[in-house]
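The residues making up each chain are set out below.
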Amino acid sequence: MKEKLEQLKKEVLEKLKVIKDIQVLRDLEIKYLGRKGELTLLLRQLSDLSLEQKKNIGSAANDLKLELAEKFKHAAELLESEKKNDFVDLTLPGEKINRGRLHPLTIVQNELEDIFTSLGFMILDGPELESDYFNFEALNIPKYHPARDMQDTFYVTRTNTDLTRTNADKTASDLVLRTHTSPVQVRAMQKYGAPLRCVVPGRCFRSEATDARHEHTFYQLEGLMIDKDISWADMKGVLEVIVQRLYGPETKLRMRPKFFPFVEPGNNGEVTCFICRGAGCRLCKQTGWLEIVGSGMVHPNVLRAGGVDSKVYRGFAFGFGLTRLTMLKYNINDIRLLNGGDLRFLEQF
Ligand code: PHE
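Residues numbered from 1 in each chain as written. Predicted model: local features only at pLDDT ≥ 70, side-chain atom pairs only at ≥ 80, totals over all residues. Heavy atoms only, no water.

Turning next to the site of the ligand. Around the ligand there are 15 residues in total, and H180, S182, R206, Q220 and E222 lie nearest to it. Between the ligand and S182, the relevant distance is 2.9 Å, taken from a nitrogen atom to a side-chain nitrogen or oxygen of the residue. In the environment of the ligand, an oxygen atom lies 2.9 Å from a nitrogen or oxygen atom belonging to the side chain of R206. Contact with the protein chains hides 92% of the accessible area of the ligand, taken as 330 Å² for the molecule alone. Of all elements in the fold, only β6 (217-227), β9 (289-298) and β10 (314-321) reach the threshold of two or more residues within the shell around the ligand. Take the shell around the ligand: its biggest share by element is three residues, from β10. Taken together, the residues of the shell around the ligand break down into five nonpolar, eight polar and two charged. (Near = heavy atom within 4 Å. Polar contact = N/O pair within 3.5 Å; in protein donor to acceptor, adjacent residues only side chain to side chain. Areas by Shrake-Rupley, 256 points an atom, 1.4 Å probe, with all protein chains shown as cover. Helix = DSSP H or I, 4+ residues; strand = E, 2+ residues; numbered from the N terminus. Nonpolar A, V, L, I, M, F, W, Y, C, P; charged D, E, K, R; others polar.)

Laid out in structure tokens, this is it:
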């Protein structure tokens, strides 16, 4: 009998050592200590023994029962705490969270917005699907005028099932994908009146044959300042501050005449090439200058369209090629990369 008890103890302790699962542990406890368990059955056999033996073995068996119960309890606690530890295993490598990043166009746009807000300009928005009126007519570009050829775009027809309309009506379009951010000049004047200081970053569209330098979808940043005695010198002063903040204090700005129907006089703004510092290189096509902004004094017809008294107020307007600035800044040699959505490109910023 004593041997049997020893044997049972050894068996149980050995099994306890290797158990990893709480359910298996419970089953084992029942198998040995349960009502029909092996130890219980052994204890029942005590009745066959002599009184002396009963006393001896009985107390040993009871002690063993208590001891084993204690061991099971301990093993269960150990398993429980291991289970909890699994949960917060600080040594496991963390799951890598991929963070998004800003698009290069957004980075340059943010930079420009910061500079302009520091000069007291509001930042405005306007519709990308624009009326023919705001995109062209209000900007002194009448229908059928040759100036429209400068900016061909996508004309959008409203779906209209009105059968009484003639075919000519149906194809006549009064909506366009805006070709520049300039229509917001007029919208801003109508909404806020004069004096006014605002910039308008945004997406523009033109009907272009796409290649490395041309894209049907691109970004501009428009600017408008209107007040009582605004002169051409104010315009040059503001633009100079902007380009010097963008490209460094030694950057020079030169302005060459250029025709835009909505300004008079109009200019092309060019800055000293920031690669060769004016000496001439591939980027600036050996000229030493980079063309980055169109500008001019707001045409009286445009002030009038905006409801501003052109006898009292004057202003200047400019349009930065935001896409162009971005390509220059990051040395991007193909404009199609910007809208391409290719992560190998985007993840470099
Ligand atoms: N809207 C012109 C363009 O897209 C740029 C411009 C803006 C020129 C404002 C003069 C004044 O080419």
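Let's pick the thread back up.
Across the sheet, seven strands lie side by side as β1-β5-β6-β10-β9-β8-β7; this open sheet has mixed pairing. With partners counted over all chains shown, the strands left at the sheet margins are β1 (122-123) and β7 (253-257), one partner each. One ladder, built from eight bridges, connects β6 with β10; its direction is antiparallel. Bridge pairing in β10 links M225 to F316. Most of the contacts of helix α8 (residues 183-192) go to strand β5 (residues 196-205), to which it runs at about 140°, and overall it touches β1, β5, β6 and β10. With respect to the sheet, helix α11 (residues 322-330) is in contact with β6, β9 and β10, its orientation differing from that of β10 by roughly 50°. (Pairing = 2+ DSSP bridges. Contact = heavy atoms within 4.5 Å. Axes fitted to C-alpha atoms, helices over the stretch in contact; angles between N-to-C directions.)

We now examine the packing of helix α1 (residues 2-18) against helix α2 (residues 22-33). The N-to-C vectors of α1 and α2 enclose an angle of 175°; their axes lie 11 Å apart at closest approach. Taken as axis vectors, α1 and α2 run roughly antiparallel relative to one another. Contacts between α1 and α2 involve L8, E11, V12, K15 and L16 from the first element and L25, L28, K31 and Y32 from the second. Split into classes, the residues belonging to the contact of α1 with α2 amount to six nonpolar, no polar and three charged. (Parallel < 35°, antiparallel > 145°, perpendicular 65-115°, else oblique.)

By the definition in use, this model includes nine aromatic pairs. Where Y133 meets F134, the ring centres are 5.3 Å apart and the plane angle is 70°; that geometry is what we call edge-to-face. A relative accessible area of 39% places Y133 in the partly exposed class. Grouped by ring-pair contacts, the aromatic residues F116, F121, F316, F318 and F320 constitute a single cluster. Over the ring of F134 we find R187; its NZ or CZ atom is 4.1 Å from the centre of that ring. (Phe/Tyr/Trp six-rings, centres within 6.5 Å; stacked < 30°, edge-to-face > 60°. Buried < 20%, exposed > 50% of the residue type's maximum accessible area, 1.4 Å probe, protein only. Lys NZ or Arg CZ within 6 Å of the ring centre and 35° of its normal.)

This brings us to the environment of L338. By the secondary structure assignment, L338 is in helix α12 (residues 336-340). Here the alpha-carbon distance between L338 and G296, two residues 42 residues apart in the chain, equals 29 Å. The residues touching L338, leaving out its near neighbours within four places in the chain, are H103, P104, L105, T323, T326, M327, I332 and F345.

Here the focus is the pairing of β7. Both β7 and strand β8 (residues 263-272) contribute to a ladder of five bridges, which runs antiparallel. Residue M255 lies in a different strand from β8, and its bridge partner there is G269. Where β7 folds back onto β8 in an antiparallel hairpin, the turn is made up of five residues.

On to unusual backbone geometry. Here the amide bond leading from A194 into P195 is cis, since omega sits at -5°, within 30 degrees of zero. Relative to the helices and strands, P195 resides in the loop between α8 and β5. Cis geometry is found at the peptide bond from E264 to P265, where omega equals -5°. Topologically, P265 is positioned in strand β8. The phi angle at Y144 is positive, at roughly 65°, despite the residue not being glycine. Note on placement: Y144 falls in the loop between α6 (132-135) and β3 (155-156).

Moving on: the pattern of salt bridges. Evaluated as defined, the whole model comprises 16 salt bridges. R203 is paired through a salt bridge with E128; the nearest N and O atoms lie 3.3 Å apart. Here the residue R203 occupies a position in strand β5, and E128 occupies one in the loop between β1 and β2 (129-131), the gap between them amounting to 75 residues. Here the residues in one salt-bridge network are D132, E137, K143 and R148, joined through shared partners. (Salt bridge = Lys/Arg side-chain N within 4 Å of Asp/Glu carboxyl O.)

Within the secondary structure layout, E113 lies in helix α5 (residues 104-118). Buried and unpaired, E113 has no salt bridge, with R178 as the nearest side chain of opposite charge at 11 Å. For E113, the contacting residues outside a window of four places in its chain are I123 and P201. (Lys, Arg positive; Asp, Glu negative; His and termini not counted.)

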